[in-house]
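# Residue-level structure breakdown
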Amino acid sequence: MAAAGAHRPGPLKQQNKAHKGGKHSGASQRRAGGRVSVKAQPRRRLRDLSRVDRRHQALQLRRQRKEAVLAEKRGLGSRDGPPHLVVVVPLHCRAAAQDALRLLRSQDAALVRMEQGRAGGFALLCPRLKQRWRFVAAQAGDLHTVLDLAKVADSLLFILDPAEGWDDAGEYCLSCLFAQGLPTFALAVPGGTDLLPKKRIDAKKKLSKAIEKRFPEARLFPLNTEQESSLLLRHLSTQKQRHLAFRDRRAHLLAHAAEFVPAQEGDLVGTLKVSGFVRGQSLNVNSLVHVVGHGDFQMSQVDAPPDPLSLNPRVGKEQKRSQDMEVQDDSVNGTDEMEEDVKVLMKADPSKQESLQSEVVPDPMEGEQTWPTEEELQEAEASLKANRRVVKVPKGTSKYQAAWILDDEEGSEKDDDDDEDDDIDDDMMEEAVSQEGESSGEEEEPAEEECETMTVSECLRDEQYDEKVEEDEQMLERYKQERMDEMFPDEVDTPRDVPARVRFQKYRGLKSFRTSPWDPKENLPRDYARIFQFQDFSRTRKHLFRQIEKEETEGASVGWYVTLHLCNVPVSVMESFKEGKPLVLFSLLPHEQKMSVLNFLVRRHASNSDPVKAKEELIFHCGFRRFRTSPLFSQHTSADKHKLERFLRPDAAMVVTVYAPITFPPASVLLFKQRSNGMHDLIATGSLLSVDPDRIVIKRLVLSGHPFKIFTKMAVVRYMFFSREDVMWFKPVELRTKWGRRGHIKEPLGTHGHMKCQFDGQLKSQDTVLLNLYKRVFPRWTYDPHVPEPVPWVRSQSTLPVQEVDME
């Protein structure tokens, strides 16, 4: 009864806020009641350091970084390290590069050793300062030589003109070097003494202002006397080195000498012995070596010849190497002809050596589950006999050739359909090519007749002029296509001679481009059976870089002078070295010889505005590789699907997708386009984004129609399709308008493609009805590792400004 009569608080009773325990000492222990949390403790527990300990820790870290920088400076060019490699690049046609090299050679306390391979190259040995330098000269117009030498150079010495600094070719060379990755550099100005004192001061001010924009916080060194050259050498040896990530993680060397030993089978292929100083990382004989511009090769052995640039020739480095590594006897291979002081450091182990296999050989029977029975084989033979036709063929034609002759017309029709489906806007280009072929065929007929000497020269001159006019017409057509794609993105006209359901049978509709699912393994091309894919690319990359940081690789250490024996090298590599081209070698990380799908993030370079169409052949300089291929352009977004772009946009960063050998980022990339005269124009720069074959690139097509009759929320649309069957086929796909309305197809009207559509609001008479279709696209397999040497670059005078292109 007492419980029944107890007072119960009503809804208006005051509810006070509960007291917070706070975060003061002891509150959490009281609340826990002696219980211990089950949370796993981290491996490295951060201790609360006092103020003095934090200061000491920061001081120690600062000292460690300072000592690392000083050790790097002392090691470069010292007795134990490789010589300080300085590449001399004149940036003006009037820059006195030879005078600068002559002043650098005229050091009293240094020994000069001239190189036999390259003109102007020499080594500078200074025993008193315990320093050694190697100077290599390059011309700004020789693009490949400058970029290859900059990949391995410790310092770049830019030679400027005292009046103008650099010209157009020098500016172009600097743009390429900045995009690739600029190592440590110095600016020198020889000459200028012939100018009047007042003009000399004005020229120096003008040059300093130009340098301040291009090279902020850079110092300008005059180079007219031996004292000034000594100051320049001291600056080169003491300045802080810039690091390029793609070369610091790989062993690399610049060839000091080379020898070619032909194979027994023939003189075209043999063993190339390349001698040079190891830089970057330790060089393992079982890894592959990439010769820049020539390809990947295996090594058979690594020798240790005497150092040709030793500061103290009495004490050989072979004594130290024999303590660190067991030197193998060379008498096993029977190479008794080699000198006694050349010792074999390492020989390749076939079980551990990296393979040169770059592609997977697909098995066409891999997907088959059962073997055909005898009845199925007999049915197949009977069907072949039933479909066999009798056609007259030339005498001596085999059954295989006759089958090809029979199916020639059908195959050409299928190829044409596929080409139309892949590239919509290529009809104009095909017509241009056919016209050129007809014109060339017509010009071949009168070539048999005899002509006078003057007449032939005039004809040739006219043909050259006509070729320039044809190039201008093609460029004008590309400008029009690019402008049309900007004004009406992805819009195409529905064909009237082919049903739309047949023409666009490979396309599909999506409810939402951002959220609709798309399987990355669906309908892959046959080229995907030839490439390699990582289960987790980022994890493999981290594991490899962690091994490099721990210095777990065994081999020739940095600074050793070694001779590499490269197997199965074509004789063209040795011929290019004899012509004076540099021979640059990079060791490959595991899997870097295998083909995959590479994605680059690039931006359009400001110096070039010519239209660049997708699937057009471009030249790539990716890290230490260069190759030719036809890329795809797509938008750079965080979604799982990325829209294809038909042209390289100048106002946004874009992703370029190609088939190429695997390269572990970071790595810079430069895109060049070859002109008809052989010059290479820089069109885009960027970096390697990822190695991912599952990145989905979607091509969008937009079919447009016009409202014919407009009601409250209904409209009759025409000109999108031209048959009743096409309207029924595309009925499930959602419609949209340029003014933001959304709707769908209700039913077809008549037999000429008119359709009744329902929208979420009333349409405007000037609105346009659109239907989006999507298809996944893949790059073309056009990878070519051999890039032709470019002609010295000259700024092109564009005859077709973008503003003057007439759309009519």
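In this text the structure is predicted, and so the values were computed from the model without any measurement.

## Some thoughts on the overall build of the chain
Looking only at helices and strands, the chain has 18 helices and 31 strands in total. In the chain, which comprises 808 residues, the proportion classed as buried is 40%. Here the contacts in the chain between residues at least 6 apart in sequence split such that 77% fall between residues at least 24 apart. Looking at the chain as shown, the accessible area adds up to about 48,500 Å², and 50% of this sits on carbon and sulfur atoms.

## Structural notes on the nonpolar core
In terms of nonpolar packing, the biggest core is built from 46 residues, with Leu 156, Phe 158, Leu 160, Cys 176, Leu 177, Phe 215 and Phe 672 touching the most fellow members. The set of elements that each furnish at least two residues to this core consists of strand S1 (84-90), helix H4 (143-152), strand S5 (155-159), helix H5 (168-180), strand S6 (184-189), helix H6 (197-214), strand S17 (584-587) and strand S24 (668-674). Not counting chain neighbours up to four residues away, the residues in contact with Phe 215 comprise Phe 158, Trp 166, Leu 174, Phe 178, Phe 185 and Leu 187. Within the second largest apolar cluster, 30 residues are counted, among which are Phe 534, Leu 589, Leu 598 and Ile 683.

## Let's talk about the pairing of strand S21 (residues 632-635)
Across 4 bridges, the pairing between S21 and strand S23 (residues 654-661) is antiparallel. Note on S23: the bridge partner recorded for Phe 633 is Val 656. Two elements, S21 and strand S22 (residues 641-645), share 2 bridges in a ladder whose sense is antiparallel. Paired with Phe 633 across the two strands is Glu 645, which belongs to S22. In textbook terms, the turn of a hairpin is the stretch between consecutive antiparallel strands, and for S21 and S22 this stretch comprises 5 residues.

## Looking at helix H17 (residues 571-578)
Given 3.6 residues per turn, any residue in an α-helix points the same way as the ones three and four places further on. If you check which residues of H17 are buried, you get Val 573, Met 574, Ser 576 and Phe 577. What you see down the axis of H17 is that its buried residues fit within an arc of 160°, all on one side. Contact partners of the buried residues in H17: strand S9 (257-262), strand S10 (269-277), strand S11 (289-291) and strand S16 (561-570). Count one or two residues on from H17 and you reach Gly 580, which has phi positive near 105°.

## Some remarks on the side chain of Glu 645
Counting through the fold element by element, Glu 645 comes out in strand S22. Residue Glu 645 is classed as buried on the basis of its relative accessible area, which comes to 9%. In this structure the side chain of Glu 645 is engaged in a polar contact, spanning 2.9 Å, whose partner is the side chain of Gln 635. The residues contacting Glu 645, other than those within four sequence positions of it, are Ala 614, Phe 633, Ser 634, Gln 635 and Met 654.

## Describing the packing of aromatic side chains
For the coordinates displayed, the defined rule picks out 22 aromatic pairs. Centroid distance Phe 158 to Phe 185: 6.3 Å. Interplanar angle 45°. Geometry classified as tilted. Of this pair, Phe 158 sits in strand S5 while Phe 185 sits in strand S6, placing them 27 residues apart in sequence. Look at Phe 158 and you get buried, because its relative accessible area is 0%. With relative accessibility at 15%, the residue Phe 185 sits in the buried group. Judged by centre distance (5.7 Å) and plane angle (35°), the rings of Phe 600 and Phe 620 are tilted. Pair noted here: Phe 600 is in strand S18 (residues 595-604) and Phe 620 is in strand S19 (residues 618-622), with a separation of 20 residues, a long-range link. Through pairs of rings, three or more aromatic residues link up here, namely Phe 158, Trp 166, Phe 178, Phe 185 and Phe 215. When the ring centre of Trp 781 is taken as origin, the NZ or CZ atom of Arg 530, which lies over that ring, is 3.8 Å away. Here the guanidinium or amino end of Lys 594 rests over the ring plane of Phe 532, the centre of that ring lying 5.0 Å away.

## Details of the side chain of His 252
Relative to the assigned elements, His 252 resides in strand S8 (residues 252-254). A distance of 3.1 Å separates a polar side-chain atom of His 252 from the backbone oxygen of Arg 250. Beyond its immediate sequence surroundings of up to four residues, His 252 is in contact with Val 152, Arg 247, Phe 277, Val 278, Arg 279, Gly 280, Leu 585 and Phe 586.

## A word on the sheet that holds S8
Hydrogen bonding along the main chain pairs the strands of a sheet, whether they run parallel or antiparallel. Strands sit in the order S8-S17-S11-S12 across an open sheet of 4 strands; the sheet is antiparallel. Strands at the two margins of the open sheet, each flanked by one partner only, are S8 and strand S12 (295-297). On average, each strand axis in the sheet is tilted by 25° relative to the strand beside it, whichever way the strands run. Across the sheet, H4 touches S8 and S17, and the angle it forms with S17 is around 45°.

Cut-offs and rules
Residues numbered from 1 in each chain as written. Predicted model: local features only at pLDDT ≥ 70, side-chain atom pairs only at ≥ 80, totals over all residues. Heavy atoms only, no water. Helix = DSSP H or I, 4+ residues; strand = E, 2+ residues; numbered from the N terminus. Buried < 20%, exposed > 50% of the residue type's maximum accessible area, 1.4 Å probe, protein only. Contact = heavy atoms within 4.5 Å. Areas by Shrake-Rupley, 256 points an atom, 1.4 Å probe, with all protein chains shown as cover. Core = buried A, V, L, I, M, F, W, Y, C linked by side-chain atoms within 4.5 Å. Pairing = 2+ DSSP bridges. Arc of directions from axis to C-beta. Polar contact = N/O pair within 3.5 Å; in protein donor to acceptor, adjacent residues only side chain to side chain. Phe/Tyr/Trp six-rings, centres within 6.5 Å; stacked < 30°, edge-to-face > 60°. Lys NZ or Arg CZ within 6 Å of the ring centre and 35° of its normal. Axes fitted to C-alpha atoms, helices over the stretch in contact; angles between N-to-C directions.

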